[in-house]
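Coordinate inspection notes
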Amino acid sequence: QGESVSASCDDKLKITRRLASFGVDFIEAGWPGSNPKDAEFFHRAKTELTSEEKSKLSAFGSTRRKAVSVDQDAQIQALIDSEAPTVCIVAKAHSW
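Below you will find a few notes about this structure.

Next up on the list: the pairing of strand E2 (residues 57-62). Here E2 lies mainly inside the structure; five of its six residues are buried. With two bridges joining them, strand E1 (residues 27-28) and E2 adopt parallel strand pairing. Looking at the pairing, Ile27 lines up with Leu57 of E2. Bridge count for E2 against strand E3 (residues 86-90) is five bridges, and the pairing is parallel. By the bridge assignment for E3, Gly61 is matched with Ile89. On the question of chirality, the crossover connecting E2 to the parallel E3 by way of helix H4 (residues 74-82) is right-handed.

Of note, Ala67 is a non-glycine position whose phi angle comes to about 70 degrees, a positive value. Of note, Ala67 is situated in the loop between E2 and H4. We classify Ala67 as exposed; its relative accessible area is 78%. Although it is not a glycine, Glu83 sits at a positive phi angle of roughly 60 degrees.

This paragraph deals with the nonpolar core. The biggest cluster of nonpolar side chains holds twelve residues, and these are Cys9, Leu13, Ala29, Phe41, Phe42, Ala45, Leu49, Leu57, Ala59, Ile76, Leu79 and Ala84. Taken together, the elements giving at least two residues each to this core come down to helix H1 (9-21), helix H2 (36-48), E2 and H4. The element that contributes the greatest number of residues to this core is H2, accounting for three residues. Among all residues touching Phe42, those that are not within four sequence positions of it are Ala29, Gly30, Pro32, Ser58, Ala59, Ser82 and Ala84.

Among the structural elements, Asp81 can be located in helix H4. Measuring from C-alpha to C-alpha, the distance between Asp81 and His43 comes to 8.5 Å, with 38 residues separating the pair along the chain.

A few words on the environment of Ala91. Position of Ala91 among the secondary structure elements: in the segment after E3. C-alpha of Ala91 to C-alpha of Arg44: the two residues are 47 residues apart in sequence and 27 Å apart in space.

Position of Asp38 among the secondary structure elements: in helix H2. Of the polar contacts made by the side chain of Asp38, one reaches the backbone nitrogen of Trp31; its length is 2.9 Å. Excluding anything up to four places from it in sequence, Asp38 contacts Lys12, Ala29, Gly30, Trp31 and Pro32.

Rules of the game
- Residues numbered from 1 in each chain as written.
- Predicted model: local features only at pLDDT ≥ 70, side-chain atom pairs only at ≥ 80, totals over all residues.
- Heavy atoms only, no water.
- Buried < 20%, exposed > 50% of the residue type's maximum accessible area, 1.4 Å probe, protein only.
- Helix = DSSP H or I, 4+ residues; strand = E, 2+ residues; numbered from the N terminus.
- Pairing = 2+ DSSP bridges.
- Right-handed = clockwise from strand over helix to strand, strands pointing away.
- Core = buried A, V, L, I, M, F, W, Y, C linked by side-chain atoms within 4.5 Å.
- Contact = heavy atoms within 4.5 Å.
- Polar contact = N/O pair within 3.5 Å; in protein donor to acceptor, adjacent residues only side chain to side chain.

So, to be careful, I would describe these as geometric facts and stop short of saying anything about function.
This is the structure we're talking about:
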């Protein structure tokens, strides 16, 4: 997705099915903790995708928030709740 391009949850499910049928190994399907559409996608994927299609999903997210323990971080919990077999995590670092 990009500027002026927005796929519905139904579209994302269709795209996932098609990419899986092409043999794509990893399908980065969104950031379940960032917006309602991605949360809906991962929720629906649990029941609407085949086991083979689900096995290719990757959820995107970030490391825990500063001053929040990992067990209390809603973003980390959303990644776990997504039940995606693979997670891609971005981490930020600062020199101070």
